[in-house]
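Now for the letters of each chain:
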Amino acid sequence: MTTWTSDEMAPRLGEPIDDLETPVLLADVDAMERNIREYAAVADEHDVDLRSHVKTHKNAALAAREVELTGDTGICCQTLGEVETMARNGIDDVYLSYQVVGESKLDRLCWLDERVEALATTVDSAATIDALDAAAERNDRTLHAILEIDMGLHRTGVDPDDAVGLAERIADADDLAFDGILAYDSHVKSEASTEAELEDGCWAAMELAQEVVDGIEAAGIPVGEVKVGGTATSRYSARHPVVTEINPGMYPFNDVGELRLRPWEVSKTDCTATVLTTVISVPDEDRLVVDGGSKTFSLDKPQLPVPKHRDDIEYVNASEEHGWIDTSEADESFEVGDRLEFIVPHVCTTINLHDLIVGVRDGAVADLWEVQARGKVR
Ligand SMILES: Cc1ncc(COP(=O)(O)O)c(C=O)c1O
């Protein structure tokens with residue numbers, strides 16, 4: 001049996017966007033870089049490092065560009081497979097913000113630790129600390145550990161009251177180095193709906209992080225790093241002196257979630273990841289259907305795609321390859337073959353549905369980024 005593929009219609013550098021087959025995932029290169037510079041300025045202002053979370057785009061060239069534009073040295077990953085992809089493509093300073101569990105994965109971590117300049121990983125229990133220490137000994141390495149604190153998200157992380165005991169366990173381990181804490185603060189996001197609430201929530205979370213740091217340092221263990229979260233919260237949390245590093249991921253792109261959450265600072269022009277679709281059917285004057293459904297836009301969150309350049313039509317429903325568009329408020333009529341561009345609802349999981357991100361400048365293909373760590377969930 002032969003495998004037949006055709007890349008004749010694959011996007012080419014310089015090609016007009018209007019000529020691309022759809023649905024196609026686009027990223028506005030200049031606006032994306034403007035977003036990166038904006039966060040770099042926030043980090044500079046508050047004297048914290050910006051270690052971009054590359055789980056959003058999973059591409060090493062974009063990761064390298066983030067490092068270049070932020071002036072920082074490293075990146076952040078969420079899976080070991082992402083770390084591998086980045087390491088194989090020349091990124092050599094990585095923080096893995098995730099617990100590595102199981103001997104074979106821990107041995108892979110050690111293998112990677114030998115190959116990159118700097119690698120740190122996350123622990124939040126006696127079990128993860130002891131297994132990491134055993135792997136380090138087995139592989140003759142010293143591994144760098146960050147202790148994750150549960151700041152209120154109630155996902156992973158040790159209860160703040162138990163942090164000192166686990167910090168001591170790491171500091172006492174023969175083959176581990178205690179680098180600091182992860183104080184991921186994204187619970188604030190779901191609790192805040194105004195700028196003041198986001199500011200106050202982040203400050204309160206960082207006060208808690210300060211208490212944890214003080215407790216660990218009172219036990220004689222220096223806390224080198226305090227890493228905090230994501231796109232919505234990190235620019236607020238960075239204002240607190242306890243923070244040493246922010247780890248936003250979505251910030252080059254934003255998405256409908258960020259647009260809805262922070263209307264005072266995120267506008268449609270800041271939402272740089274879009275999908276260009278084509279109208280495939282116009283069943284009646286109030287409705288049309290585009291070629292982008294739930295296999296094109298990730299719908300893992302309540303929000304739906306939002307039209308990038310107009311407000312008179314609404315994406316109202318999706319099946320796998322169909323997007324229902326309500327056109328009842330629009331003055332113009334639409335035809336099969338028209339093109340409509342939509343901001344993606346959730347950028348991380350939408351990129352993960354695509355092979356390629358097409359960088360756009362001045363209406364033409366300016367760059368092509370393969371979603372290299374797509375599927376690398378192990
Ligand atoms: C531990 C950690 N840090 C940073 C991020 C990046 O956050 P955001 O996607 O809001 O930019 C995430 C996202 O899931 C995360 O889990």
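Residues numbered from 1 in each chain as written. Predicted model: local features only at pLDDT ≥ 70, side-chain atom pairs only at ≥ 80, totals over all residues.

K.L.:
Can you lay out the overall build of the protein for me, pointing to particular residues and giving the numbers?
P.N.:
A count of helices and strands for the protein gives eleven helices and 18 strands. Its C-alpha radius of gyration of 22 Å places the protein within 12% of the 21 Å reference for a compact globule of 378 residues. Each principal axis of the C-alpha atoms in the protein carries an extent, and together these give about 70 × 60 × 35 Å. Out of the 378 residues belonging to the protein, those deemed buried represent 48%. Counting contacts in the protein only where the partners sit at least 6 residues apart, residues at least 24 apart contribute 68% of the total. (Helix = DSSP H or I, 4+ residues; strand = E, 2+ residues; numbered from the N terminus. Rg over C-alpha atoms; globule rule 2.2 N^0.38 Å. Buried ≥ 20, exposed ≤ 12 C-beta atoms within 10 Å, placed from the backbone. Contact = placed C-beta atoms within 7 Å.)

K.L.:
So what's going on with unusual backbone geometry? Residues and values would help.
P.N.:
The linkage connecting T22 with the following residue, P23, adopts the cis geometry, with an omega of -5 degrees. Within the fold, P23 resides in the segment before β1 (24-28). In this structure, D362 is a non-glycine residue whose phi angle is positive, near 50 degrees. When the 9 C-beta atoms within 10 Å are taken as the criterion, D362 is described as exposed.

K.L.:
Tell me what's going on with the sheet that holds strand β4 (residues 75-77), and back it up with residues and numbers.
P.N.:
If you trace the nine strands from one edge of the open sheet to the other, you get β2-β10-β9-β8-β7-β6-β5-β4-β3, paired in parallel fashion. The open sheet terminates on both sides in strands that have one partner only, identified here as β2 (49-50) and β3 (52-53). By the bridge criterion, three bridges tie β4 to strand β5 (residues 93-99) in an arrangement that is parallel. In the sheet register, C77 faces β5, and the bridge partner there is L96. This element, helix α3 (residues 80-88), spans β4 and β5 of the sheet and lies at about 170 degrees to β5. (Pairing = 2+ DSSP bridges. Axes fitted to C-alpha atoms, helices over the stretch in contact; angles between N-to-C directions.)

K.L.:
Break down the nonpolar core for me, citing the residues and quoting the values.
P.N.:
Among the nonpolar cores identified, the biggest contains 105 residues, and M86, V94, A145, L147, I149, I170 and I181 are the most heavily contacted of them. It is helix α8 (residues 195-218) that provides the largest number of residues to this core, a total of eight residues. Both domains that meet at this core, namely domain 1 (17-26 + 266-370) and domain 2 (46-252), each give it at least three residues. Setting aside anything within four residues of it in sequence, one finds V94 in contact with G74, I75, C77, V83, M86, A87, V116 and L119. (Core = buried A, V, L, I, M, F, W, Y, C linked by C-beta atoms within 7 Å. Domains from an automatic or database assignment.)

K.L.:
Describe the domain arrangement of the protein, with residues and values.
P.N.:
Interface size is commonly expressed as the accessible area that is lost once the parts come together. The assigned domain composition of the protein is domain 1 (17-26 + 266-370) and domain 2 (46-252). Spacing between the C-alpha centres of domain 1 and domain 2 amounts to 34 Å. Facing seven residues of domain 1, the contacting portion of domain 2 comprises ten residues. Of all the secondary structure elements, the ones that give two or more residues to the side of domain 1 that touches domain 2 are α11 (347-351) and β18 (364-370).

K.L.:
For the packing of helix α1 (residues 29-45) against helix α2 (residues 60-70), give the residues involved together with the corresponding values.
P.N.:
Between α1 and α2, the least distance of the axes is 9 Å, while the angle of their chain directions is 45 degrees. The orientation of α1 with respect to α2, classified from their angle, is oblique. Helix-helix and strand crossings are classified by hand; for α1 and α2 the assignment is right-handed. Along its contact with α1, which presents E33, I36, R37, A40 and A43, the element α2 presents E66, L69 and T70. Across the contact of α1 with α2, the residue classes tally to four nonpolar, one polar and three charged. (Parallel < 35°, antiparallel > 145°, perpendicular 65-115°, else oblique. Left-handed = near helix turned anticlockwise from the far one by under 90°. Nonpolar A, V, L, I, M, F, W, Y, C, P; charged D, E, K, R; others polar.)

K.L.:
Can you break down α8 residue by residue, with the values?
P.N.:
In a regular helix each residue adds 1.5 Å, so 24 residues correspond to 34 Å; α8 covers 34 Å between its end C-alpha atoms and thus fits that length. All of the buried residues along α8 are L198, G201, C202, A205, M206, A209, V212, V213 and I216. Elements that come into contact with the buried residues of α8 comprise α6 (163-172), β8 (176-183), α7 (187-191), β9 (225-228) and α9 (234-237). Backbone geometry just downstream of α8 places G220 in the positive-phi region, at approximately 90 degrees. (Expected span 1.5 Å × (residues − 1).)

K.L.:
Describe α3, and please don't skip the residues or the numbers.
P.N.:
Summarising burial for α3: seven of the nine residues are buried, a large majority. Taken together, the buried residues of α3 touch α2, β4, β5 and α4 (103-115). Downstream of α3 by a residue or two, G90 has a phi angle that is positive, lying close to 95 degrees.

K.L.:
So, the pairing of strand β12 (residues 287-290): which residues are in play, and what are the values?
P.N.:
In terms of strand pairing, strand β11 (residues 273-284) meets β12 through three bridges, oriented antiparallel. Bridge pairing in β12 places V279 opposite V290. Between β11 and β12, which pair antiparallel one after the other, the connecting turn spans two residues. Strand direction decides the pairing type here: β12 and strand β15 (residues 323-326), joined by four bridges, are antiparallel. What sits directly across from L288, in β15, is I325.

K.L.:
Could you give an account of the environment of S190, naming the residues involved and the relevant values?
P.N.:
With respect to the helices and strands, the residue S190 is situated in helix α7. For S190, a count of 12 C-beta atoms within 10 Å corresponds to the exposed category. As a C-alpha pair, S190 and L261 span 71 residues in sequence and 8.9 Å in three-dimensional space.

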